[in-house]
Each structure stands twice: as structure tokens, then as C-alpha cells.
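# Close look at the chain arrangement
What follows is the residue order along each chain.
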Amino acid sequence: MSTVPLTLSEILELAKKTLLANGCDEENASILADTIMRAERDGSVSHGLFRLPLSLIHISEPTRPY
């Protein structure tokens, strides 16, 4: 497996586009994408892009427990 370095603006854009493409509304997508980008910026990667797939599950299955 390889890694691809991303800038903070690329992380923000990737997260927001992914959230919007999976049914998240604009306001919440912006908030979540910003939170993901800030987590990555601050070194809290467990709450950055790592959490994006879980967020998508909760968008598609809102009643699913954590």
C-alpha cells in the first residue's frame, strides 16, 4: 500500500466532495470537512480522514448505532 501526501486544502476539498456525493447537505458537509481537515492539521489523524468512511455510513444509515 502506498500513501499520497495531501495539502490541507486538498483534504478539505476531498472530504467535502465525498460527503456531498454521499448525501450530506452543504452546511454539514462544510462543517465536517473543516473538522476533518483541522484534525489532520493538528495530528489527530484518528479523527481526520480516517473517520470519513464512518461518517458516510452514518449518512446512509442514520439509525445505525456507533
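Per chain, residues are indexed from 1 in the order of the written sequence. The predicted nature of this model means local features are confined to residues of pLDDT at least 70 and side-chain atom pairs, given and counted, to a pLDDT of 80 or more, with totals for whole chains, interfaces and linings taken over all residues. Excluding hydrogens and water, the side-chain figures rest on all heavy atoms present in the structure.

## Structural notes on the nonpolar core
Selection rule: By convention a nonpolar core is built from buried Ala, Val, Leu, Ile, Met, Phe, Trp, Tyr and Cys residues, the set being connected through side-chain atoms within 4.5 Å. Relative accessibility decides the category of a residue: with a 1.4 Å probe and only protein chains considered, values under 20% of the type maximum give buried, values over 50% give exposed, and everything between is partly exposed. Put simply, DSSP marks the helices as runs of H or I at least four residues long and the strands as runs of E at least two long, and each gets a number from the N terminus on. The contact criterion used is simple: two residues touch if any of their non-hydrogen atoms lie within 4.5 Å.
Counting nine residues, the largest nonpolar core is built from Ile11, Ala15, Leu19, Cys24, Ala29, Ala33, Ile36, Met37 and Leu52. Of all elements in the fold, only α1 (8-21) and α2 (26-41) reach the threshold of two or more residues within this core. The element that contributes the greatest number of residues to this core is α2, accounting for four residues. Dropping the residues within four chain positions of it, Ala15 is found in contact with Ala33, Ile36 and Leu52.

## Thoughts on the environment of Glu40
Structurally, the position occupied by Glu40 is in helix α2. With a relative accessible area of 21%, Glu40 lands in the partly exposed category. Residues Glu40 and Leu54, spaced 14 residues apart in sequence, show a C-alpha to C-alpha distance of 16 Å. Setting aside its immediate chain neighbours within four residues, Glu40 contacts Ile11, Val45, Gly48, Leu49 and Phe50.

## Points about the pattern of salt bridges
We count it as follows: Only one rule defines a salt bridge in this text: a Lys or Arg side-chain nitrogen within 4 Å of an Asp or Glu carboxyl oxygen.
Overall, the coordinates contain four salt bridges when judged by the stated rule. Residue Lys16 is joined to Glu26 by a salt bridge in which the shortest nitrogen-to-oxygen separation is 2.6 Å. Here Lys16 is found in helix α1, whereas its partner Glu26 is found in helix α2, with ten residues between them in sequence. Residue Lys16 is classed as partly exposed on the basis of its relative accessible area of 24%. Residue classification places Glu26 among the partly exposed residues on the basis of a relative accessible area of 46%. Two residues, Arg41 and Asp42, come together in a salt bridge whose shortest N-O distance is 2.8 Å.

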